[in-house]
Amino acid sequence: MIGVQVFAVTENVWCIRRPSYLTCSYLVRTPRGVVLVDAGMDSSGADIYRGLDAMCARPDEVRSILLTHWHNDHAAGARAVQDKLDVPAYCHTNDVPQLTRQTARKGMSGKISELIPEWGVLVLFKGLLGEATPRAILNPQIVSDGGLIDEYFEVIETPGHTPGHLSFYYKPERVLFAGDALAVVHNDVHFMARAVTPDVNRARDSMRRCLTFEIDTLCPGHRSPITDSVRLKCDRMIKHIDGGGHWPLLG
Ligand SMILES: [Zn+2]
């Protein structure tokens, strides 16, 4: 855990961001307890406890982990949290092989992956080289489109970045947790970089679909949430997609 940043997005939504690779996890205080959306790279889970501290929540208030996708900058911390708190981890069936390490590479690339430290930009290659998250999650709970988690979180299937990518919509406060279905750059909605979007056509449909929800706060998987003029920014992007707007290399 090096220099983790923790800040309130709204009264009940807190962001935990790692400055070296700008991946965000979120803690949401709901009427039924605290829900963690993505678990970050820290395989000790320590940054999650920093977040809980900041929002004055106890670890035993956490009731579940929602995983947008298997990439280790989003999922690596999940197992450490599960070891301590015994909470379920929700995900899509298509990302389960990587989340449970069935796909883990044993050869050279697996070894290189193990050697890459958990900080700095190289961390993004750690999971990709190993083709699995560093520690398998326990007892994955499979969810699919339209499902509800903990009563309040609607599941939106948003494949493209990974085949099993999910976004989550927190209805009571109209917050979209988009994961890497889209990018936020300079406080506006963008495509993800093309290099990390293996299926551009599905990603385009996924992005359009999640942007049509009634959103007051947009929480992406990297950089910073958007809290102002969200509808306007979403509508502008939908229009761009509908107009056949091209997908720039860098998103
Ligand atoms: Zn990713």
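See the structure printed just above.
Keep in mind that this is a model prediction, so the values were computed, not measured.

## A closer look at the overall build of the protein chain
Moving on, step 1. For the protein chain, the count of helices and strands is eight helices and 14 strands.
Moving on, step 2. When burial is assessed residue by residue, the protein chain has 43% of its 251 residues classed as buried.
Moving on, step 3. The long-range share in the protein chain, meaning contacts at least 24 apart out of those at least 6 apart in sequence, stands at 67%.

## Here we look at helix H1 (residues 46-54)
Within an α-helix, residues lying three or four positions from one another point in the same direction, as the helix has 3.6 residues per turn.
Moving on, step 1. Among all positions of H1, only Asp 47, Ile 48, Gly 51 and Leu 52 are buried. Buried residues of H1, viewed axially, fall in a sector of 150°; they line one side.
Moving on, step 2. Lining the buried residues of H1 we find strand E1 (5-8), strand E2 (13-18), strand E3 (23-30), strand E4 (33-37) and helix H3 (78-85).
Moving on, step 3. Positioned one or two residues after H1, Cys 56 has a phi angle of 55°, which is positive.

## Examining H3
Moving on, step 1. For H3, the full list of buried residues reads Ala 78, Arg 79, Val 81 and Gln 82. Projected onto a plane normal to the axis of H3, the buried residues spread over an arc of 160° and lie on a single side.
Moving on, step 2. Tucked inside the fold, the buried residues of H3 contact E4, H1, strand E5 (62-66), helix H2 (72-75) and strand E6 (89-91).
Moving on, step 3. Downstream of H3 by a residue or two, Asp 86 has a phi angle that is positive, lying close to 55°.

## Thoughts on the pairing of E1
Moving on, step 1. With four bridges connecting them, E1 and E2 associate as antiparallel partners. The residue bridging Gln 5 from the neighbouring strand is Arg 17, located in E2.
Moving on, step 2. Counted between consecutive antiparallel strands, the loop separating E1 from E2 contains four residues.

## Some details on the sheet that holds E6
Moving on, step 1. Overall, mixed pairing links the seven strands, which are arranged E1-E2-E3-E4-E5-E6-E7 in an open sheet. Unpaired on one side and paired on the other, E1 and strand E7 (140-142) mark the two borders of the sheet. Strand-to-strand twist across the sheet, computed as the mean angle between neighbouring axes with direction ignored, equals 25°.
Moving on, step 2. With respect to the sheet, H1 is in contact with E1, E2, E3 and E4, its orientation differing from that of E2 by roughly 145°.
Moving on, step 3. Sheet strands touched by H3: E4, E5 and E6. Its angle to E5, the strand with the most contacts, is close to 155°.

## What to know about unusual backbone geometry
Moving on, step 1. Although it is not a glycine, Asp 38 adopts a positive phi angle of roughly 65°.
Moving on, step 2. With respect to the element layout, Asp 38 can be found in the loop between E4 and H1.
Moving on, step 3. According to the C-beta neighbour criterion, Asp 38 is buried, with 28 such atoms within 10 Å.
Moving on, step 4. Within the chain, His 186 stands out as a residue other than glycine whose phi angle is a positive 50°.
Moving on, step 5. Residue placement: His 186 occurs in the loop between strand E12 (183-185) and strand E13 (188-190).
Moving on, step 6. Residue His 186 is classed as exposed on the basis of its C-beta count, with 7 C-beta atoms lying within 10 Å.

Rules behind the numbers
Residues numbered from 1 in each chain as written. Predicted model: local features only at pLDDT ≥ 70, side-chain atom pairs only at ≥ 80, totals over all residues. Helix = DSSP H or I, 4+ residues; strand = E, 2+ residues; numbered from the N terminus. Buried ≥ 20, exposed ≤ 12 C-beta atoms within 10 Å, placed from the backbone. Contact = placed C-beta atoms within 7 Å. Arc of directions from axis to C-beta. Pairing = 2+ DSSP bridges. Axes fitted to C-alpha atoms, helices over the stretch in contact; angles between N-to-C directions.

Remember, this is a structural readout, not a statement about activity or role.
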